[in-house]
Amino acid sequence: MCGIVGYAGREAAAPILLDGLERLEYRGYDSAGIAVVSGSRALQVKKSKGRLSELSRLVDGGKSIDGVLGIGHTRWATHGEPNDVNAHPHLSQDGKIAVVHNGIIENYVELRDFLCSKGYVFQSETDTEVVTQLLAYYYAEDNDAFSALYKVLHRVEGAYALGIICADCPEKFLAARKDAPLLVGFGEGANFIASDVTAIIKHTRDVVYMEDGEVAVITADSVDFFDAMEEPIEKEHKTIDWDVSAAEKGGYAHFMLKEIMEQPEAVRKTAFSRIRDNRVCFDDLKIDEAYVKSVSKIYIVACGSSYHVGVVGKYNLERMLRKPVEVCLASEFRYSNPLVDESCLVIVISQSGETLDTMAALREAKALGAHILSIVNVVGSSIARESHDVLYTWAGPEIAVATTKAYSTQLVLLNMLGMYFGDILGTLPGEEYESIMAELLLLPEKMERLLSNIEDIKRFASDYFNHNSVFFIGRNLDYAMGLEGSLKLKEISYIHSEAYASGELKHGTISLIENGTLVVALGTYAPLFDKAMSNVVEVKARGADVLALATEKNLAEMKKTVENVMVVPETHTVLQPSLGVVPLQLFSYYVALLRGCDIDKPRNLAKSVTVE
Ligand code: F6R
C-alpha cells in the first residue's frame, strides 16, 4: 500500500521520481505527489488527487520543477479521503520538512493533540502529517534533522517507511523503516530509496533492504545506515537479477493478461528447478526428514488469493500426508489465540512477502515456537527474511493488482511440498507419487495448450458480462478453485460474486437463484463429478444461466446438461486446479474488459497490503 521513491543525484529529480512512481502505482493510486529541494534551499511540493498522470500533467512531466534531490509518493488512502490536501508529501508548518510515508501511525491522535497544544495547525486528516510536524518540532530545537528523526521514531507507534527531505540540507535525505518495506538502491553518482525494486531497477540492481528500526542518510555519493540505537551499521548488498522487461507490459493491453500468459513459464521455472531424476528436491529447505516426521499439525496462513492456494493445499496435503492441515486467514489467525506450539509447521504464503496481516500471523506463530516455512515471490521481502525456511516462487515481478501467475506458482509449490513430505512420511504411495510427477512435468505444456485457444472464453465473457450476480459452485478442489475464480471476477469487474460448495447451496443460498442468475459450475474434480452435476441440475431448474468448466474427458457428459462449457485438459486430480483456474482468470479479465474497468488497478485495491 502506498509507494515511496526517493532520489539524490546530479540529474533533475522530478522526472526520475515520476518514472519511479509510475512503476509503483500498482501499490496505491488514489493520489500522488513529489517534493524536490532546490539548491536555493526551497522545497517545492506538488501533489494531486487521482492517477499519477494528473500529477505528471501538473508538473509538465517534471520539467517545471528544478532540483536534484527529492521524494515521491503514490497513495492508498487510510486516514482521510483521497484529495490534494491528504496526498503526500506533507510539508511542515515552517515549510522546512517534507515527508512521504507508507504505513499507519497508530498513536497519531495523541501526538496531534500534543502538537496542537504547542501551536501547530494541521492541514490534512492524515497520520503522516503528525510525523512531519513532530519532525519540525524537534528540528527547531537544534536544527539537526538526523537527531530530530530519532526523537520522532521514539515517540511514534505503528508501521512506517519514511522518506524525509529538509530544505536546510539540500544534499541529503533521510529514510526510516518499521514494518513497511523500504530498500536503498546504489547507482552511479546517484542513490535511491523505493518501496519496491521495480521503481529503480532501470537505474540500479545493487540494493540494500532496510530492516525494522534502521535509518539511512542518503546523498548522491554516499549512503550511511544506522541501527535503532543510532549506531552506524554495515549492510549486505543484494543484486537484483531479473530483467527490466519483466516489469513492462511487453505489447499486452494489461499486465494482468501478460501475467496470465506468463503462467506456463513461471510454473516451469518454479517447479522444474526443484525436480531431479523425477524426484522433488528442495535444496533450499533447512528442515530434515526427522523434523517432517515430528510435525503434529500443519497450519497454512495467508490472505486473499494466497489463502485460496491454502484451501487447495488443505485438501491436497491432507490427502498426501494424512496429517491434519488447518488453513487460516492471517487476519483472523493472529487474534484467535491459535493452538500452535513447537510441534506445528506453519506454512505462510504471500506473493509480496509484505502483507501486514500475514506478517503479524507469522510473528505470532514464531513466538509460539512453530517452525515457519514461507512460500514467497518477492526475494528479500520481510516475510521471507523472518521465516525459518523460504521457498521462492519464481514468478518474476507481478504488477497487476489481481494475482494470477503468483497464485499458480504458489499452488504448484505447495503441491510439490505435499509430494516431498508425503514421500518422507511414506503416506504417498510410490505409484501415486510417480503419477503426480508425470503430470507435473506436463503441466506447463498443458497450460500453454489451454492459453493458445481462448476464443470460447472471450465469447462467454461477451455473453455474460452484463450479469450482476454470479455464483461459482463446485465440490472439494473445485470449490477451492471457485473461491479464487470468484475473487478474480469481483475484484476486477466489480460484479457481485460468491463461491459456494455445491452441496451447501440447498442449505440457504439457493434461495438467491432466480431466472438469469449466472452460476459458474465447476466440474473438474473427477471423484465428485456426478454429485456436482446434480447440483447443476438443481440451479438450472431454478432458472440459473449456467456456464460450466469441465475437463476434456467430462466435456461430453457436461454438455448433456450445460450448453456453454469452458474446457481444460485432464491432469492428475491434485493438479487439476492449476489448469482449471486459468479459464476463470481469463473469463474475469474479458468480462472486466467489456465492462470498461481499470483492470490492472481496480478501485479501492492495492497490490501490497501493508496495513491491518
Ligand atoms: C487478489 C490478490 C490478493 C492477495 C492478498 C495477499 O488477486 O492479489 O487477494 O492475494 O492481498 O497478498 P500477498 O500474497 O502478497 O500476501
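Our structure's up above, just so we're on the same page.
Residues numbered from 1 in each chain as written. Predicted model: local features only at pLDDT ≥ 70, side-chain atom pairs only at ≥ 80, totals over all residues. Heavy atoms only, no water.

(A) Inspection of the site of the ligand at higher detail. If you check the shell around the ligand, you find 15 residues, and the closest are Ser306, Ser350, Ser352, Thr355 and Glu491. Serine 305 places a main-chain nitrogen or oxygen 3.1 Å from an oxygen atom of the ligand. Contact distances for the ligand include 2.7 Å between an oxygen atom and a side-chain N or O atom of serine 352. Across the complex, the protein chains shield 89% of the 410 Å² of accessible surface that the ligand would expose by itself. Among the secondary structure elements, those contributing two or more residues to the shell around the ligand are helix H9 (304-321) and helix H16 (477-493). Looking at the shell around the ligand residue by residue, the classes come out as five nonpolar, eight polar and two charged. (Near = heavy atom within 4 Å. Polar contact = N/O pair within 3.5 Å; in protein donor to acceptor, adjacent residues only side chain to side chain. Areas by Shrake-Rupley, 256 points an atom, 1.4 Å probe, with all protein chains shown as cover. Helix = DSSP H or I, 4+ residues; strand = E, 2+ residues; numbered from the N terminus. Nonpolar A, V, L, I, M, F, W, Y, C, P; charged D, E, K, R; others polar.)

(B) Just the sheet that holds strand S13 (residues 223-226), in detail. Pairing in this open sheet of seven strands is antiparallel, and the strands run S5-S6-S7-S8-S12-S13-S14 from one edge to the other. The open sheet is flanked by strand S5 (90-91) and strand S14 (232-233), the only strands paired with a single partner. Pairing of strand S8 (residues 173-178) with strand S12 (residues 215-218), which is carried by four bridges, proceeds in the antiparallel orientation. Bridge assignment links leucine 174 to a residue of S12, and that residue is valine 217. This element, helix H4 (residues 128-142), spans S5, strand S6 (97-102) and strand S7 (160-166) of the sheet and lies at about 140 degrees to S6. Lying over the sheet, helix H5 (residues 145-155) contacts S7, S8, S12 and S13, oriented at roughly 20 degrees with respect to S8. (Pairing = 2+ DSSP bridges. Contact = heavy atoms within 4.5 Å. Axes fitted to C-alpha atoms, helices over the stretch in contact; angles between N-to-C directions.)

(C) The arrangement of empty space enclosed by the protein in detail. The final tally for this structure, using the stated rule, is three cavities of 30 Å³ or more. Estimated volume of the largest cavity: approximately 60 Å³. Cys2, Arg75, Trp76, Thr78, His88, His101, Gly103, Thr126, Asp127 and Thr128 are the residues that line the largest cavity. Here the lining of the largest cavity is built from residues that sort into two nonpolar, six polar and two charged. (1 Å grid on protein atoms, 1.4 Å probe; cavity = no way out; pocket = protein on both sides within 12 Å on 5 of 7 lines; lining within 4 Å. Points joined across faces, edges and corners; volume = space filled by probe spheres on them.)

(D) Summary view of the nonpolar core. With 94 residues, the main nonpolar core has Ile347 and Phe587 as its most contacted residues. When near neighbours in sequence (up to four residues on either side) are disregarded, phenylalanine 587 contacts Ile457, Phe460, Ala461, Tyr464, Leu489, Leu518, Leu547 and Met566. Leu134, Ala136, Leu149 and Ala176 belong to the second largest nonpolar core, which has 32 residues in total. (Core = buried A, V, L, I, M, F, W, Y, C linked by side-chain atoms within 4.5 Å. Buried < 20%, exposed > 50% of the residue type's maximum accessible area, 1.4 Å probe, protein only.)

(E) Quick peek at the sheet that holds strand S19 (residues 325-329). Strand order in the open sheet formed by five strands is S19-S18-S20-S21-S22, and the pairing between neighbours is parallel. Edge positions in the sheet fall to S19 and strand S22 (389-392), since each has one partner strand and no second. For this sheet, the mean inter-axis angle between neighbouring strands, taken without regard to orientation, is 20 degrees. Of the strand pairs in this sheet, strand S20 (residues 344-350) and strand S21 (residues 371-376) are connected by six bridges, and their pairing is parallel. Counted as the bridge partner of isoleucine 349 is isoleucine 375 from S21. Running at roughly 165 degrees to S20, helix H11 (residues 356-367) makes contact with strand S18 (297-302), S20 and S21 of the sheet.

(F) Quick look at the packing of aromatic side chains. What the rule picks out here adds up to 12 aromatic pairs. With a centroid separation of 5.1 Å and an interplanar angle of 80 degrees, the aromatic rings of phenylalanine 282 and tyrosine 420 are classed as edge-to-face. Here phenylalanine 282 is found in the loop between strand S17 (279-280) and helix H8 (289-294), whereas its partner tyrosine 420 is found in helix H13 (residues 405-425), with 138 residues between them in sequence. Each member of the pair phenylalanine 282 and tyrosine 420 is classed as buried. With centroids separated by 4.9 Å and ring planes inclined at 85 degrees, the aromatic side chains of tyrosine 589 and tyrosine 590 adopt a geometry described as edge-to-face. (Phe/Tyr/Trp six-rings, centres within 6.5 Å; stacked < 30°, edge-to-face > 60°.)

(G) Examining the side chain of threonine 551 more closely. Mapped onto the elements of the fold, threonine 551 is located in strand S26 (residues 545-551). Note on threonine 551: relative accessible area 1%, which makes it buried. Those residues in contact with threonine 551, other than ones at most four positions away along the chain, are Gly523, Thr524, Val567, Val568, Pro569, Glu570 and Gln576.

(H) Structural detail: helix H14 (residues 430-451). Its 22 residues place the ends of H14 32 Å apart at the C-alpha level, agreeing with the 32 Å of an ideal helix rising 1.5 Å per residue. Residue leucine 443 marks the point of greatest curvature in H14, where the axis turns by about 45 degrees; the proline proline 444 follows within four residues. Buried within H14 are the following residues: Tyr433, Ile436, Met437, Glu439, Leu440, Leu443, Pro444, Lys446, Met447, Leu450 and Leu451. (Expected span 1.5 Å × (residues − 1). Bend = angle between axes of the 7 residues up to and from the residue.)

(I) Representation of the packing of H9 against H13 within the structure. The N-to-C vectors of H9 and H13 enclose an angle of 20 degrees; their axes lie 9 Å apart at closest approach. By the angle between their directions, the pair H9 and H13 is classed as roughly parallel. Like other packed secondary-structure pairs, H9 and H13 cross with a definite hand, here right-handed. Across the interface between the two elements, Ser305, Ser306, His308, Val309, Gly310, Val312, Gly313, Asn316, Leu317, Met320 and Leu321 from H9 touch Tyr407, Gln410, Leu411, Leu414, Asn415, Gly418, Met419, Phe421, Gly422 and Leu425 from H13. Counted by class, the contact of H9 with H13 contains 11 nonpolar, 10 polar and no charged residues. (Parallel < 35°, antiparallel > 145°, perpendicular 65-115°, else oblique. Left-handed = near helix turned anticlockwise from the far one by under 90°.)

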